[in-house]
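# Architecture and fold: a report
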Number of protein chains: 2
Amino acid sequence: MTNVAVVGIGQTKFGEQWRSSLRDLAVDAGCQAISDSRIDPKMIEALFVGNMAGGGFSGQEHVAALVADNLGLNPIPATRCEGACASGALSFRQAYMAIKSGHHDCVMALGVEKMNDVKGDLALTTLMGAGDAEWEGLHGLTFTGLYALMAQRHMKDFGTTREQMAMVSVNNHKNGKNNPLAQFRYDITIEQVLKSTLIADPLRVLDCSPITDGSAAVVLVSDKLAKQFELPVWVLGSAQGSDTLALHDRKSLTEMWATKEAAKRAYEQAKIVPEKIDIAEVHDCFSINEIIAIEDLGFCKKGDGGRFVEQGKITIGGERPVNTQGGLKACGHPVGATGIRQICDITRVIRGSAFNNIKGVKNGLALNVGGSGATATVNILGADI
Amino acid sequence: MTNVAVVGIGQTKFGEQWRSSLRDLAVDAGCQAISDSRIDPKMIEALFVGNMAGGGFSGQEHVAALVADNLGLNPIPATRCEGACASGALSFRQAYMAIKSGHHDCVMALGVEKMNDVKGDLALTTLMGAGDAEWEGLHGLTFTGLYALMAQRHMKDFGTTREQMAMVSVNNHKNGKNNPLAQFRYDITIEQVLKSTLIADPLRVLDCSPITDGSAAVVLVSDKLAKQFELPVWVLGSAQGSDTLALHDRKSLTEMWATKEAAKRAYEQAKIVPEKIDIAEVHDCFSINEIIAIEDLGFCKKGDGGRFVEQGKITIGGERPVNTQGGLKACGHPVGATGIRQICDITRVIRGSAFNNIKGVKNGLALNVGGSGATATVNILGADI
């Protein structure tokens, strides 16, 4: 089968982008990716767009058609993929499969979300569409509430501490500080996290990723075309899993079946083991989720995630650097764009042009999670195939 | 490359389904498709779900995860595809490509929309998310308004008459009468159409497809597996095109570039010409669109669509039977489900088990259009490959 490489990346500044519409953000990231790859846009044969809730946030469905039109890509096939907060990675994976299968040689995957234009608590209600609207949302459960339940159980079963969760946010802010595209570019302390506003016990506001506007895009090509690019970054593995939509239907509150399934298959495809992963971008929508992710990806044993963080193993220079450019916590989390932003960050590190550069990184893993874990996608990238 | 066949179909009754939720409808259609195919559900390796606006209509995004969960398909990859009213065909096409490429051997494509649970004019506003929200919707344009503009231009340029448009609705109601799954099962007359409430001049309420709840599903397999099924219906061609999102950006108001591009490629793949298509299911969201579709698919010359209808060529027994089971007008138009319903109807006719049976049909074409034509997908099915 054909191999697939990332040869262009583009990303807007993440944050509150009051002067940019959904359309503006997508066009900005898309043009940057085309420009970075130096391809003729006419080479792009298909477009996949990750967007969770253009309808809820901006009254705009049909987002892939919007993007194809405004990037001047008509009449190529343009398809929106949605899997809540994993929408970005789903669009990346469909783009990857469209090339891997031999259907196309050059495809763009773009993620975009414009979240700040809604009033009051509409953002929260819209986001709850990622969970089970009928069995969870209608009863008043929020997303922080769902992850708070997981955190409570993780603390009870494994002795995970509030301080360990806080350390996730502290590390991500430290890494995001040097990232000009990040929403929050300052250090925070464990004490600040522990004293910040309580949202859903035990999670506090500094455990939570923010509401963000932003877009990210990548250009993918087949190995046939990849030769002409200086620094192609190869997709070594790409897999996706699913789990029950409602949290109460799960066998366990402290592990994600969808992540474990996706990881297992991605590792097999990439012929790699967790111990050989150089860096990881994982889905820290809430601090507890980074701890759960570290465990489900096999970086440590189940239950040891908190201690893994406490021992500094996720820091740059540690055993397994995680969210080296700030993660969702510091970069911000425009839900449909996050999965593609993770790919951009890993690509930058492998290329040697990241905001926090890390020498000798030959591969990276991205984990993008949808909802409370009903969708998970694991993509593994590498310098060599 | 692998060949792909439809081996199972399922469909709920279309209409006002007050006792069924989004979840109920999808589970009903999905189980019927599994049952019809007689496969073990464990064989299904991936799921693609077409849904336009679960968020807007039911507060539920992440619809593919909802469906995978409630059909007991976890942990397989479950991806929602959205392209407005073409969402169903997009999910079908992604399922087709996932098998064609060798990634999977058995995939389900399911379309679902639950549109009647919203109050007042929210359905209209939500549907307008299929157009350009910023440049069309905010200024008060409705979907009927968009198609009314096309109709006005078609009448001016080609002499298409009000009566010819009415004949589209009359033919579709006539065909839908025998379809127990259709929303409207009665004849209407040209006079009734012409006297029905004016919505957007020249389109009247009986030119418009209705607001509908419903779901449809198909099971697709590779040729490796197809041998074990009695009546596999093969996918001979599948293509998708895009055009500007806003109508005012188009070169022409009377033809759809996306349809023409998709048709051209689908005909090439299927090695067939329009004259050899036995039946067609086309996207008659408004009567004028069936006329435009007939022209863009090459069944007659541009501008001759109205006369083609008037001459009875689209009737069962005519030169090119169109919407033989009722089309969107009589079946109803649950937007995300329509593209899959079209595939179900063609499959039934080729199998010889349709509600309106037509002897000797060896192939059929389905055209599913998103918005005012920014997305179009053409799928061609056949009894033999």
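Computed from a predicted structure; not experimentally measured.

Looking now at the overall build of chain A. The secondary structure content of chain A amounts to 14 helices and eleven strands. For chain A, whose C-alpha radius of gyration is 19 Å, the value lies close to the compact-globule estimate of 21 Å for 385 residues. Dimensions of chain A, computed from C-alpha atoms along their principal axes, come out at roughly 55 × 45 × 40 Å. Across chain A, every contact between residues at least 6 apart in sequence was considered, and the portion connecting residues at least 24 apart equals 77%.

Moving on, we come to the pairing of strand β10 (residues 363-370) of chain A. Residues and elements named next belong to chain A. A large share of β10 lies buried, amounting to eight of its eight residues. Every second residue of β10 is oriented toward a common face, with N363, L365, L367 and V369 on one face and G364, A366, N368 and G370 on the other, all of them buried. As paired elements, strand β9 (residues 279-281) and β10 share three bridges and run parallel to each other. Bridge pairing in β10 places A280 opposite L365. Between β10 and the antiparallel strand that follows it, strand β11 (residues 375-382), lie four residues; G371 among them carries a positive phi value of about 65 degrees.

Here we come to the interface of chain B and chain A. With 54 residues of chain B at the interface, the matching set in chain A holds 54 residues. Of the strand pairs in this sheet, strand β3 (residues 78-82) of chain A and strand β3 (residues 78-82) of chain B are connected by three bridges, and their pairing is antiparallel. Bridged to A:E82 within β3(B) is B:R80.

What follows concerns the relation of the copies chain B and chain A. Relative to chain A, chain B is turned by 180 degrees and slid 0.0 Å along the rotation axis, the superposed coordinates differing by an RMSD of 0.0 Å. On this basis, the relationship between the two copies can be described by a two-fold rotation axis. With an isologous cut-off of 70% or more, the 100% of interface residues of chain B that recur at the interface of chain A puts this contact in the isologous class.

Let's shift gears to the domain arrangement of chain A. Residues and elements named next belong to chain A. Examined at the domain level, chain A breaks down into domain 1 (4-120 + 212-226) and domain 2 (132-210 + 235-382). Inter-centroid distance (C-alpha atoms) of domain 1 to domain 2 is 22 Å. The interface of domain 1 with domain 2 comprises 35 residues on the first partner and 32 residues on the second. Where the side of domain 1 that touches domain 2 is concerned, the elements lending two or more residues are β1 (4-11), α4 (87-100), β4 (106-113) and β7 (214-222). If you tally residues by element for the side of domain 1 that touches domain 2, the top one is α4, at seven residues.

Once that is clear, we can look at the pairing of β1(A). Residues and elements named next belong to chain A. Along β1, eight of the eight residues are buried, which leaves the element largely enclosed by surrounding structure. Relative to strand β8 (residues 233-242), β1 runs antiparallel, the two being bridged by two bridges. Along β8, the bridge assignment pairs V6 with V233.

The next point concerns the environment of B:M256. All names here are of chain B. Mapped onto the secondary structure, M256 falls in the loop between β8 (233-242) and α10 (257-270). With 30 C-beta atoms counted inside 10 Å, the residue M256 sits in the buried group. When the C-alpha atoms of M256 and A293 are compared, they prove to be 8.1 Å apart, with 37 residues separating the residues in sequence. Once residues lying within four places of it in the same chain are set aside, the contact partners of M256 are D243, I292, D296, V369, G373 and A376.

The next point concerns the nonpolar core. Within the largest apolar cluster, 278 residues are counted, with the highest numbers of intra-cluster contacts made by A:L47, A:V218, A:L220, B:L47, B:V218 and B:L220. The contacts of B:L47, once residues within four sequence positions are left out, are B:A64, B:V67, B:A68, B:L73, B:I76, B:A78, B:M108 and B:L110.

In this section: the packing of helix α6 (residues 143-158) of chain A against helix α11 (residues 287-296) of chain A. Axes are the key here: two packed helices are described by the angle between their axes and the distance separating the axes. All names here are of chain A. α11 packs onto α6 with a crossing angle of 60 degrees between their chain directions and a minimal axis gap of 9 Å. The angle between the axes of α6 and α11 places the two elements in the oblique class. Along this stretch, α6 crosses α11, giving a crossing that reads as left-handed. Contact with α6, carried on its side by Y147, M150, A151 and H154, involves I288, N289, I291 and I292 of α11 and no other residues of that element. Grouping the amino acids of the contact of α6 with α11 by side-chain chemistry returns six nonpolar, two polar and no charged.

Omega for the peptide link from A:D201 to A:P202 comes to 10 degrees, which places this bond in the cis form. Within the secondary structure layout, A:P202 lies in the loop between β5 (198-200) and β6 (203-204). One non-glycine residue with positive phi stands out, namely B:K271, at about 50 degrees. Checked against the element boundaries, B:K271 lands in the loop between α10 and β9 (279-281).

Right, let's get into helix α7 (residues 162-176) of chain A. All names here are of chain A. Taking 1.5 Å per residue, 15 residues should reach 21 Å; α7 reaches 22 Å between its end C-alpha atoms and fits that length. With twelve of its 15 residues buried, α7 lies for the most part within the structure. If you check which residues of α7 are buried, you get Q164, M165, A166, M167, V168, S169, V170, N171, N172, H173, N175 and G176. Buried residues along α7 sit in contact with α6, α8 (190-195), α11, α12 (305-310) and α13 (327-331).

Residues and elements named next belong to chain B. Within the fold, A270 resides in helix α10. A270 gets classed as buried once you count the C-beta atoms within 10 Å, which come to 24. Once the C-alpha coordinates of A270 and N379 are considered, the two residues, 109 residues apart in sequence, prove to be 9.3 Å apart. Here A270 is in contact with L236, G237 and I380, once residues within four sequence places are set aside.

So, about the confidence of the model for chain A. Taken as a whole, chain A shows an average pLDDT of 97; of its residues, 100% reach a score of 70 or greater. Predicted complex metrics record ipTM = 0.96 and pTM = 0.97.

What counts and how
Residues numbered from 1 in each chain as written. Chains lettered and ligands numbered in written order. Predicted model: local features only at pLDDT ≥ 70, side-chain atom pairs only at ≥ 80, totals over all residues. Helix = DSSP H or I, 4+ residues; strand = E, 2+ residues; numbered from the N terminus. Rg over C-alpha atoms; globule rule 2.2 N^0.38 Å. Contact = placed C-beta atoms within 7 Å. Buried ≥ 20, exposed ≤ 12 C-beta atoms within 10 Å, placed from the backbone. Pairing = 2+ DSSP bridges. Least-squares fit on C-alpha atoms with pLDDT ≥ 70 in both. Domains from an automatic or database assignment. Core = buried A, V, L, I, M, F, W, Y, C linked by C-beta atoms within 7 Å. Axes fitted to C-alpha atoms, helices over the stretch in contact; angles between N-to-C directions. Parallel < 35°, antiparallel > 145°, perpendicular 65-115°, else oblique. Left-handed = near helix turned anticlockwise from the far one by under 90°. Nonpolar A, V, L, I, M, F, W, Y, C, P; charged D, E, K, R; others polar. Expected span 1.5 Å × (residues − 1). pLDDT = per-residue confidence, 0-100.

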